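Single-letter residue listing:
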Amino acid sequence: MRHNLGVMAPPNEEDRWLGALVEALDDSWTVERVEAFAPDQLEVIAAAPPLRRSLSGFSNLRLIQSLWAGVEVILKDPGLRTDIPLARMKDPQMEASMALSVLAHVLAFHLHHDEYRRQQARSDWSQIYGVAPGERTVTFLGLGAMARPAARALRDAGFRVGAMVRSPRPDEIETFGRDQLDARLAKTDVLVNVLPVTEETRELIDADVFAELANGSAFVNVARGIHVVDDDLLAALDSGHLRHAFLDVFRTEPLPPDHPFWLHPRVTLTPHMAAPTFPPSGARFVAQQLVRLERGEPLEHLVDHDAGY
Ligand code: GLV
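The structure contained in this document is the topic of the report that follows. It should be emphasised that the depicted structure is a prediction, and the values quoted were computed from it without experimental measurement.

Let's talk about the pairing of strand E10 (residues 217-221)
On a regular strand, one side chain projects to one face of the sheet and the next to the other, so that they alternate.
Thinking step 1. Where burial is concerned, most of E10 is hidden: five out of the five residues are buried.
Thinking step 2. Of the two faces of E10, both are covered, the one formed by Ser217, Phe219 and Asn221 as well as the one formed by Ala218 and Val220.
Thinking step 3. Examined bridge by bridge, strand E9 (residues 190-193) and E10 share four bridges and lie parallel to one another. Bridging from a neighbouring strand, Val192 pairs with Val220 of E10.
Thinking step 4. Between E9 and its parallel partner E10, the chain crosses via helix H7 (residues 207-212), and the hand of that crossover is right-handed.
Thinking step 5. As paired elements, E10 and strand E11 (residues 242-247) share five bridges and run parallel to each other. By the bridge assignment for E11, Ala218 is matched with His244.

What follows is the structure in structure tokens.
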């Protein structure tokens with residue numbers, strides 16, 4: 001029996017996804033852009049934001065597979081049916097990129113590269129003697145699939161690593177709940193945001209969070225811009241309380257050319273590339289999901305609509 005999978009991704013990514021999915025899926029699957037099928041012919045849609053059309057009106061849909069780890073854009077589609085399984089992307093290559101990106105930012109802070117960059121701008125040869133990794137605490141907000149390899153990499157490099165999670169549990173990384181966040185922030189040298197976007201996490205990182213952080217600490221945002229109150233972040237940087245921010249994600253992307261982050265001496269900015277999707281390995285995950293779908297086995301990385309991610 002033949003099956004149909006429709007792809008909906010931004011124009012600069014769509015051909016790469018189509019090629020990778022054709023390569024990864026077995027011959028029983030026809031893979032085309034969503035528009036190539038009549039709506040009732042589609043069993044699976046693989047989608048990356050921004051969505052060019054609503055996910056409503058596909059009467060035979062059995063799975064919506066996000067091509068991104070973050071699903072907040074898909075969840076905002078008013079036509080989304082909660083009775084159709086929606087799965088997040090789970091791509092080992094993305095997770096490995098995320099680990100390297102977070103490691104790079106934490107090491108840049110630990111080795112004072114941010115301060116040397118500012119010194120270089122004024123030809124200042126001042127040597128800064130730092131501390132051992134074991135004297136630095138890195139606190140993750142979130143410990144999902146995207147955060148865990150990064151947290152492990154930092155722990156293995158000798159840093160003290162903890163993570164705020166919804167339900168604290170015994171874990172290879174020390175976890176704690178939201179109620180302990182303030183106490184933890186005071187001992188944090190680097191705060192790393194890897195949260196999903198939910199009603200509880202939107203604008204969670206505000207003036208209060210920055211004020212609680214240890215003086216001279218750093219902030220790394222590799223999750224979403226909407227988690228942060230930008231003016232509060234700028235105020236914390238301007239006062240010097242926060243030594244540096246490493247920002248990969250923004251409330252508006254691309255970041256508008258006149259945004260103060262661009263030229264801020266205490267900001268290192270990357271264009272949402274900490275963990276880019278990698279179609280060849282992402283498509284292999286989709287292929288495994290489709291095998292599970294065909295066999296009636298439980299699908300992986302399903303979104304919990306109540307939790308909001
Ligand atoms: C990228 O930001 C993603 O959610 O995959």
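Read on, since the account is not over.
As for the sheet that holds strand E8 (residues 174-176)
Thinking step 1. Taken in spatial order, the seven strands make up an open sheet running E8-E7-E6-E9-E10-E11-E12, and their pairing is parallel. Both edges of this open sheet fall to E8 and strand E12 (267-269), since each of them pairs with a single strand only. Between one strand axis and the next, the sheet turns by 20 degrees as a mean value, whatever way the strands run.
Thinking step 2. Its contacts with the sheet place helix H5 (residues 148-156) against strand E6 (137-141) and strand E7 (160-164), and it is angled at close to 175 degrees to E6.

Brief notes about the sheet that holds strand E1 (residues 3-8)
Thinking step 1. An order of E2-E1-E3-E4-E5 is seen for the five strands of this open sheet, with the pairing classed as parallel. Edge positions in the open sheet fall to strand E2 (29-33) and strand E5 (86-87), since each of these has one partner strand only.
Thinking step 2. Both strand E3 (residues 44-47) and strand E4 (residues 63-66) contribute to a ladder of four bridges, which runs parallel. In the sheet register, Ala46 faces E4, and the bridge partner there is Gln65.
Thinking step 3. In this fold helix H1 (residues 11-24) packs onto E1, E2 and E3, with an angle of close to 175 degrees to the strand it touches most, E2.
Thinking step 4. Each of E1, E2, E3, E4 and E5 is contacted by helix H9 (residues 279-295), which is oriented at about 165 degrees to E4, the strand it contacts most.

Examining the environment of Ile45
Thinking step 1. For Ile45, the location among the structural elements is in strand E3.
Thinking step 2. In this structure, the C-alpha to C-alpha distance between Ile45 and Pro170, residues 125 residues apart in sequence, is 37 Å.

Criteria and thresholds
- Residues numbered from 1 in each chain as written.
- Predicted model: local features only at pLDDT ≥ 70, side-chain atom pairs only at ≥ 80, totals over all residues.
- Heavy atoms only, no water.
- Buried < 20%, exposed > 50% of the residue type's maximum accessible area, 1.4 Å probe, protein only.
- Helix = DSSP H or I, 4+ residues; strand = E, 2+ residues; numbered from the N terminus.
- Pairing = 2+ DSSP bridges.
- Right-handed = clockwise from strand over helix to strand, strands pointing away.
- Axes fitted to C-alpha atoms, helices over the stretch in contact; angles between N-to-C directions.
- Contact = heavy atoms within 4.5 Å.

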